[in-house]
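Architecture at a glance
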Amino acid sequence: MIVFGSIVLLIYLIAMGGLIFGYQKIPEFKINPVLNENPNTYFTIVIPFRNEAKNLSVLLNSILQIDYPKNLYEVLFMNDESKDDSVATILKELENTGIIYKIIDNNRKSVSPKKDAITEAIKISKYEWILTTDADCKLPKNWLLTYNEFIQKNDPLMVVGPVRYFEKYDLINQYQQLDNYSLQTTTIGSFGLHSPLLCNGANLAYKKEGFNLVSGFSENNHIASGDDIFLLEKFKKRHPNRVLFIKSKDAIVITQPQDNWKSIINQRIRWASKTTKQDDFITKMLGFIVFLTNMLVILGLLLSFNSPHLISFFICFLMIKTSIDYLLLLQTSMFFKSKINISYFLVNALIYPIITVIVVLKSLKGDYIWKGRNYN
C-alpha cells in the first residue's frame, strides 16, 4: 500500500506540476483601446436555453452592457422546449434596445439538445465567428472587444475562454469555485504545454469555416454532452496551431453554480461520462491519475483505523497532495481576482475525494438527470 501510494502520489505531483508550469507559459492578454477603436470582427452569439427565466435577466442585462458596435454582432437564442417565461423575458428585456437577435425553436435530431441547437444556429448564422455561451451566464463588458483584438493578432480557428462562478461564501458554492479553479488550471496549463485538454462551452469561439471543416458534431451526436470537448478534439487534430486560449480578465464569463449537492453530482457525471468517449489519451490518463489519487485518500482514511502503521503515511500523503492542490488553485484564483478561504479549502480537501469517486463510479453507468431530462 505504501509503495503503491507513493508511486501514485509522485505521478500526481509530476502531472500537477506540469499543469502549473504550463499555466505560467500562457501570457495574460490585455486589450489595447487604440487597436479597438474600429473593430472589424463579426460575431454570432449562440445561446441555447431551456426553462431559464430565473437566470435570463442577468444574462440579458450583461448583453446590453457589451461595449461593441451593435451592427457587428447578432444573438441567436435557441429555445429547447422551454415551459416557463423564458421567451417572454427575452422579448421584454431586449425590446427597442437595438440588439440584433432572434429566438429560434430547437430542431431536435439527436440525443443531444445542445448540439442540435448549436448546429441549427450555425446554419442560419450571418457571421463567420461563432461565440457560444449559456443562459445562466453573465458576459463581460469588453467580451467582444477582447475577442476581436485577439483574433486579429493571432488568426486562430478556435479560441477557448475563461469561466468562473459567481462568488458565494458557503460550503456548497466554495466547493464548486475551487473545483472550477482546478478545471481552469488544467485548461490553461494544457494549452501552455501545447496539448489542450479542456474547454467550456460557456465561453467558446470558433470560425464557422472550421466547424464545417471538422463536420461539426458528427460522430458524437449519440453522446448527450460534450458540445465543447469533442469539438476541441476535432479542431486540435486538424489545426493544432490555430486552437488558442485567451487568458484575459476582460474575457471572463461568470456562470451560476448549482444550488444543491445532487445537482452538483449530476452535473459532474454529465461532464465525466464523456471522458471515456474521448480519443485523447492524455485526458484519460490525467483523469485516471486524479481519480486514483483521490481514491487513495479515502482508502488511506479507512485503512488507518485498522492499520495504525499507515496513519503517518496517510497524513503525509494528504499533506503533500493538499499542498500541490493549493498551489494549483492559488494562481488561478489570483487571475480571477479571488481569494481562497483556507477553512473551506481544508474542508473541501476531504469532500473532493468523496465526490470525485462517487462521480466517476456513477459516470461508468452513464445515467444522470439534467434540465429535467433523463440521460443515459
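Calculation notes
Residues numbered from 1 in each chain as written. Predicted model: local features only at pLDDT ≥ 70, side-chain atom pairs only at ≥ 80, totals over all residues. Heavy atoms only, no water. Phe/Tyr/Trp six-rings, centres within 6.5 Å; stacked < 30°, edge-to-face > 60°. Helix = DSSP H or I, 4+ residues; strand = E, 2+ residues; numbered from the N terminus. Buried < 20%, exposed > 50% of the residue type's maximum accessible area, 1.4 Å probe, protein only. 1 Å grid on protein atoms, 1.4 Å probe; cavity = no way out; pocket = protein on both sides within 12 Å on 5 of 7 lines; lining within 4 Å. Points joined across faces, edges and corners; volume = space filled by probe spheres on them. Nonpolar A, V, L, I, M, F, W, Y, C, P; charged D, E, K, R; others polar. Arc of directions from axis to C-beta. Pairing = 2+ DSSP bridges. Axes fitted to C-alpha atoms, helices over the stretch in contact; angles between N-to-C directions. Contact = heavy atoms within 4.5 Å.

Here the focus is the packing of aromatic side chains. Applying the stated criterion across every chain, the model contains 16 aromatic pairs. Seen from their ring centres, Y326 and F345 are 5.3 Å apart, and the 70 degrees between their planes marks the pair as edge-to-face. With Y326 in helix 11 (residues 311-335) and F345 in helix 12 (residues 342-365), the pair connects residues that are 19 residues apart, well separated along the chain. Look at F345 and you get buried, because its relative accessible area is 7%.

So, about empty space enclosed by the protein. Throughout the structure, instances matching the rule amount to one cavity of 30 Å³ or more. In this structure, the largest cavity spans a volume of roughly 30 Å³. Lining the largest cavity, in full, are M1, G5, L296, G300, F313, F314 and F317. Considering every element that reaches the lining of the largest cavity, the biggest residue donor is helix 11, with three residues. Class assignment of the residues belonging to the lining of the largest cavity gives a composition of five nonpolar, two polar and no charged.

With that out of the way, let us pick up helix 3 (residues 86-94). Those residues of helix 3 lying buried are S86, T89, I90 and L94. Looking straight down helix 3, one finds its buried side chains confined to an arc of 105 degrees; they lie on one side. Looking one or two residues beyond helix 3, the residue adopting positive phi is N96, at roughly 60 degrees.

Let us now look at the sheet that holds strand 1 (residues 43-49). Strand order across the open sheet formed by seven strands is 3-2-1-4-8-6-9, with mixed pairing between neighbours. On the outer flanks of this sheet lie strand 3 (101-105) and strand 9 (243-245), each paired with one strand and no other. Ignoring strand direction, the axes of neighbouring strands in this sheet form an average angle of 20 degrees. With three bridges connecting them, strand 6 (residues 158-160) and strand 9 associate as parallel partners. Within the sheet, the bridge partner assigned to V160 lies in strand 9 and is F245. Against the sheet, helix 5 (residues 143-154) touches strand 1, strand 2 (73-79), strand 4 (129-132), strand 6, strand 8 (204-207) and strand 9, its axis set at about 130 degrees to strand 1. With respect to the sheet, helix 6 (residues 171-192) is in contact with strand 6 and strand 9, its orientation differing from that of strand 9 by roughly 130 degrees.

Another point: the pairing of strand 8. Neither face of strand 8 is exposed, since L204 and Y206 on one face and A205 and K207 on the opposite face are all buried. Pairing of strand 4 with strand 8, which is carried by four bridges, proceeds in the antiparallel orientation. Within strand 8, the position partnered with T132 by the bridge is L204. Bridge count for strand 6 against strand 8 is three bridges, and the pairing is antiparallel. Among the inter-strand pairings, V159 is bridged to a residue of strand 8, identified as A205.

Among the secondary structure elements, K102 is positioned in strand 3. You can call K102 partly exposed: its relative accessible area is 43%. Sequence separation between K102 and K115 is 13 residues; the distance between their C-alpha atoms is 18 Å.

This next bit is on the sheet that holds strand 5 (residues 137-138). With respect to topology, three strands assemble into an open sheet ordered 5-10-7, the strand pairing being mixed. Each having just a single partner strand, strand 5 and strand 7 (163-165) make up the two edges of the open sheet.

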